[in-house]
Amino acid sequence: MQEVARHFPRTQARSAPITPNDLSSLLLAHGSMTLEFYAPRGVDKQTPHSKDEIYIIASGHGWFRSGEERFSIKEGDALFVPAGVEHRFEDVSDSFETWVIFYGPEGGEKG
């Protein structure tokens, strides 16, 4: 099968079904990488992940906590979280949405 470029409009991502036993919608799986869309409402119940991840905030604002660190986030911000690191979103606006990219080997990249 020939590889082709793909486009993922946010409007389409919003209507994608939540992946069973997950908190986000899986939009693409390619090699070790997955592209997901996440819009937590209320308490963010995610647990540490087995792969490195990048969040790109699509809309809204709120707070991001990792360990003792807590900082303000808003549309356009990007976050990196190494595999296994506890983290969550807190006090997010009703319009909060984020793209999530998981990649690399289980346990994360080293170095």
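Just above sits the structure.
Here we summarise the structure given alongside this text. (Residues numbered from 1 in each chain as written. Predicted model: local features only at pLDDT ≥ 70, side-chain atom pairs only at ≥ 80, totals over all residues. Heavy atoms only, no water.)

## What about the overall build of the chain?
And then number 1: Summing up its helical and strand segments, the chain has 1 helix and 8 strands in all.
And then number 2: What you see in the chain, going N to C, is helices and strands ordered as α-β-β-β-β-β-β-β-β.
And then number 3: By the compact-globule yardstick of 13 Å for 111 residues, the chain fits well, its C-alpha radius of gyration being 14 Å.
And then number 4: C-alpha atoms of the chain, sized along the principal axes, occupy 45 × 35 × 25 Å.
And then number 5: Taken over 111 residues, the chain has a buried fraction of 39%. (Helix = DSSP H or I, 4+ residues; strand = E, 2+ residues; numbered from the N terminus. Rg over C-alpha atoms; globule rule 2.2 N^0.38 Å. Buried < 20%, exposed > 50% of the residue type's maximum accessible area, 1.4 Å probe, protein only.)

## Observations regarding the packing of aromatic side chains
And then number 1: As enumerated under the stated definition, the model contains 7 aromatic pairs in all.
And then number 2: Both rings, one in phenylalanine 37 and one in tryptophan 99, keep their centres 4.9 Å apart while their planes meet at 70°; by these two values the pair is edge-to-face. Here phenylalanine 37, found in strand 2 (residues 33-38), pairs with tryptophan 99, found in strand 8 (residues 97-103); they are 62 residues apart in sequence, far enough to count as distant. Tryptophan 99 carries the same exposure label as phenylalanine 37, and that label is buried.
And then number 3: Plain terms: the ring middles of phenylalanine 89 and phenylalanine 96 are 4.9 Å apart, the flat faces sit at 50° to each other, and that makes the pair tilted. The two residues phenylalanine 89 and phenylalanine 96 agree in class, both being buried. (Phe/Tyr/Trp six-rings, centres within 6.5 Å; stacked < 30°, edge-to-face > 60°.)

## Points about the nonpolar core
And then number 1: Grouped together as the largest cluster of nonpolar side chains are 12 residues: Tyr38, Tyr55, Ile57, Phe64, Ile73, Leu79, Val81, Phe89, Val92, Phe96, Val100 and Phe102.
And then number 2: If sequence neighbours within four positions are ignored, isoleucine 73 has contacts with Ile57, His61, Gly62, Trp63, Phe64, Leu79, Phe89 and Phe96.
And then number 3: Membership of the second largest hydrophobic core comes to 9 residues, among which are Ala13, Ala16, Leu28 and Phe37. (Core = buried A, V, L, I, M, F, W, Y, C linked by side-chain atoms within 4.5 Å. Contact = heavy atoms within 4.5 Å.)

## Observations concerning the sheet that holds strand 3 (residues 52-59)
And then number 1: Strand order in this open sheet of 5 strands is 1-2-8-3-6, and the pairing throughout is antiparallel. Here the strands that pair on one side only, and so sit at the sheet edges, are strand 1 (25-30) and strand 6 (78-81). For this sheet, the mean inter-axis angle between neighbouring strands, taken without regard to orientation, is 20°.
And then number 2: As paired elements, strand 3 and strand 8 share 7 bridges and run antiparallel to each other. Note that in strand 8 the partner of glutamate 53 across the bridge is phenylalanine 102. (Pairing = 2+ DSSP bridges. Axes fitted to C-alpha atoms, helices over the stretch in contact; angles between N-to-C directions.)

## A short note on the sheet that holds strand 5 (residues 69-74)
And then number 1: Spatially, 3 strands are ordered 5-4-7 in an open sheet, and the strand pairing comes out antiparallel. The open sheet has two edge strands, strand 5 and strand 7 (88-90), and neither has a second partner. Averaged over neighbouring strand pairs, the angle between their axes works out to 35° when direction is ignored.
And then number 2: When strand 4 (residues 61-66) meets strand 5, the two strands line up antiparallel, connected through 6 bridges.

## Thoughts on the pattern of salt bridges
And then number 1: Tallied over the entire structure, the rule returns 6 salt bridges.
And then number 2: One salt bridge in this structure joins glutamate 90 and arginine 70, with 2.6 Å as the shortest N-O distance. One end of the pair, glutamate 90, is in strand 7; the other, arginine 70, is in strand 5, with 20 residues separating them in the sequence.
And then number 3: Overall, the relative accessible area of 15% leaves glutamate 90 in the buried class.
And then number 4: For arginine 70, the salt bridge is made with aspartate 91, and the minimal N-O distance between the two is 2.6 Å. Placement of the pair is arginine 70 in strand 5 and aspartate 91 in the loop between strand 7 and strand 8, with a sequence separation of 21 residues.
And then number 5: On the basis of relative accessibility, which here comes to 31%, the residue arginine 70 falls in the partly exposed class.
And then number 6: Connected via shared salt-bridge partners are Arg65, Arg70, Arg88, Glu90 and Asp91. (Salt bridge = Lys/Arg side-chain N within 4 Å of Asp/Glu carboxyl O.)

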